[in-house]
Structure formats: C-alpha cells, structure tokens
Amino acid sequence: MACLIRPACSSDCDLLMSFIKDIADYHNLLHEVTISAEDLKADGFGPDPFFKCLMAELPPEDPSKQGRPIGYALYYKAYCVNHGKKIYLENLYVVPEFRDKGIGKQLLIKLAEIALAAGCTGMKFSTMEGNQRAKNLYLRLGAEDTTQSFDWHCMEFSQEALQRLAQGGQGS
C-alpha cells in the first residue's frame with residue numbers, strides 16, 4: 001500500500017500524542033507516559049529540536065487537503081565512538097488497521113535514506129521482547145539483534161536515578 005511520508009510539524013503533536021498513547025497502551029505501559037503534546041512541541045519543534053519525526057499518510061482524495069495520518073517514526077541523532085554518526089529510532093508506530101501493509105517498511109526506508117544522506121553508519125533501536133511482529137519485520141529487512149549476537153544490553157537511568165547520580169551517586 002502506497003503512502004506519503006513527510007516530516008512531522010508542530011500541528012501534528014496532538015495526533016502524535018494519541019499515537020504514543022496507543023502504542024503504550026498496546027504494550028501495557030500507558031501509566032509510563034508522562035509527556036504531553038506541549039512537551040512534543042517544545043522538544044521537537046522549538047529552536048533546538050531534540051528529535052525529528054516522520055508521518056505516514058494515506059494520500060488525500062482532494063490534493064488541496066492533507067492525507068490521513070496512519071503512522072510515524074520518531075528519531076534523533078546518535079553517535080558511536082567506534083563507527084561515527086547514527087540515527088536512533090525511538091519509536092515506530094502504524095495504526096492497527098494499516099499494519100502488515102508495508103507502512104512500517106516505507107517509514108524505515110525513508111529513515112535509511114535520511115541516515116545515508118547524513119553520512120550515518122547505521123541506525124540503532126530497541127524493541128520489546130514480546131513484540132515479535134516488529135522484531136520479525138526488522139530481521140527480515142536486515143537488522144541484527146545485538147542482544148543475541150554481541151551480548152549488548154540496553155541500559156537506562158530513570159529521572160530519579162539521574163538525580164541521585166548528579167548528587168554523587170548517593171543512595172546507591
């Protein structure tokens with residue numbers, strides 16, 4: 001199924017927020033979502049954007065109107081001391097009724113084009129253990145599961161852990 005892939009704009013933030021909540025709910029993590037559409041606007045569309053985002057849309061029937069958004073890919077710049085520039089894919093989402101129609105693949109193809117044009121050496125991302133559908137897509141497209149092949153584990157400091165660390169690691 002053909003779709004249009006375009007850069008997201010600040011007016012997409014309410015829709016992006018609903019997509020973010022949908023995917024969090026799908027993974028039983030809705031309680032983890034603490035950002036708002038206003039945070040997205042400030043963080044992605046201000047003078048120093050922290051992330052970029054692509055929107056997937058069904059082409060509009062009337063060319064003077066916007067298409068129907070059916071997915072997104074949120075990403076940001078990353079750097080690897082071994083290989084240089086990379087893109088980190090934070091989130092890829094396709095509306096349930098449009099899954100298995102090639103929309104996710106089209107978003108990934110566009111991200112690959114963006115990464116290569118920027119001189120990136122790769123794209124990193126993680127996927128949840130239980131999301132076999134996504135994992136199968138990534139593997140089919142040539143991604144490598146570095147957890148298995150290199151024993152790399154994704155580590156994260158929470159905001160509270162960052163605060164403790166910034167105070168000298170007290171409480172640990």
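Our subject in this report is the structure included herewith. (Residues numbered from 1 in each chain as written. Predicted model: local features only at pLDDT ≥ 70, side-chain atom pairs only at ≥ 80, totals over all residues. Heavy atoms only, no water.)

Moving on, we come to the overall build of the chain. Each helix and strand counted, the chain has 6 helices and 5 strands in total. The linear arrangement of helices and strands in the chain, starting from the amino end, is β-α-α-β-β-β-α-β-α-α-α. The C-alpha atoms of the chain give 17 Å as radius of gyration, which agrees with the globular expectation for 172 residues (16 Å, within 12%). If one aligns the C-alpha atoms of the chain with their principal axes, the spans along those axes are about 60 × 35 × 35 Å. Looking at the chain as a whole, 33% of its 172 residues are labelled buried. Long-range pairs, those at least 24 residues apart, make up 54% of the contacts in the chain between residues at least 6 apart in sequence. Looking at the chain as shown, the accessible area adds up to about 11,600 Å², and 53% of this sits on carbon and sulfur atoms. Between the mean site of the 18 positive side-chain charges and the mean site of the 22 negative ones, the chain shows a separation of 6 Å. (Helix = DSSP H or I, 4+ residues; strand = E, 2+ residues; numbered from the N terminus. Rg over C-alpha atoms; globule rule 2.2 N^0.38 Å. Buried < 20%, exposed > 50% of the residue type's maximum accessible area, 1.4 Å probe, protein only. Contact = heavy atoms within 4.5 Å. Areas by Shrake-Rupley, 256 points an atom, 1.4 Å probe, with all protein chains shown as cover. Lys, Arg positive; Asp, Glu negative; His and termini not counted. Charge placed at Lys NZ, Arg CZ, Asp CG, Glu CD.)

What follows deals with the nonpolar core. Ranked by size, the top nonpolar core spans 37 residues in total, and within it Cys53, Ile70 and Tyr72 carry the most contacts. Considering each element in turn, this core owes the most residues, 6 residues, to helix 1 (residues 13-26). Ignoring any residue separated from it by four or fewer positions in sequence, one finds Cys53 in contact with Arg6, Pro7, Ala8, Leu16, Tyr72, Ala73, Leu74 and Tyr75. (Core = buried A, V, L, I, M, F, W, Y, C linked by side-chain atoms within 4.5 Å.)

Before going further, it helps to examine the pairing of strand 2 (residues 52-58). Among the 7 residues in strand 2, 6 count as buried, and that is most of the element. Where strand 2 and strand 3 (residues 68-80) come together, 7 bridges link them in antiparallel fashion. When the sheet's bridge partners are listed, Glu57 is paired in strand 3 with Pro69. (Pairing = 2+ DSSP bridges.)

Taken together, the side chains of Phe157, Leu162 and Leu165 make up a nonpolar region of the molecular surface, amounting to roughly 320 Å² of accessible area. Mapped onto the fold, Leu162 is located in helix 6 (residues 159-166). (Patch = residues over 30% accessible without salt bridge, like charges linked within 9 Å, V, L, I, M, F, W, Y side chains within 5 Å. Salt bridge = Lys/Arg side-chain N within 4 Å of Asp/Glu carboxyl O.)

Next up on the list: a negative patch on the surface. Taken together, Asp14, Glu38, Asp39 and Asp43 make up a surface patch of like negative charges. Looking at where Asp39 falls in the secondary structure, it is placed in helix 2 (residues 37-45). Residue Asp39 is classed as partly exposed on the basis of its relative accessible area of 31%.

On to the layout of surface pockets. Unfilled space is identified by rolling a water-sized probe across the atoms. The computed volume of the second largest pocket comes to approximately 310 Å³. The wall of the second largest pocket is formed by 14 residues, among which Lys52, Tyr75, Tyr76, Lys77 and Ile87 lie closest to the centre. Sorting the residues of the lining of the second largest pocket by element identifies strand 3 and strand 4 (84-94) as the ones contributing at least two each. Looking at the lining of the second largest pocket element by element, the count peaks at 4 residues for strand 3. Residues of the lining of the second largest pocket, tallied by class, amount to 10 nonpolar, no polar and 4 charged. (1 Å grid on protein atoms, 1.4 Å probe; cavity = no way out; pocket = protein on both sides within 12 Å on 5 of 7 lines; lining within 4 Å. Points joined across faces, edges and corners; volume = space filled by probe spheres on them. Nonpolar A, V, L, I, M, F, W, Y, C, P; charged D, E, K, R; others polar.)

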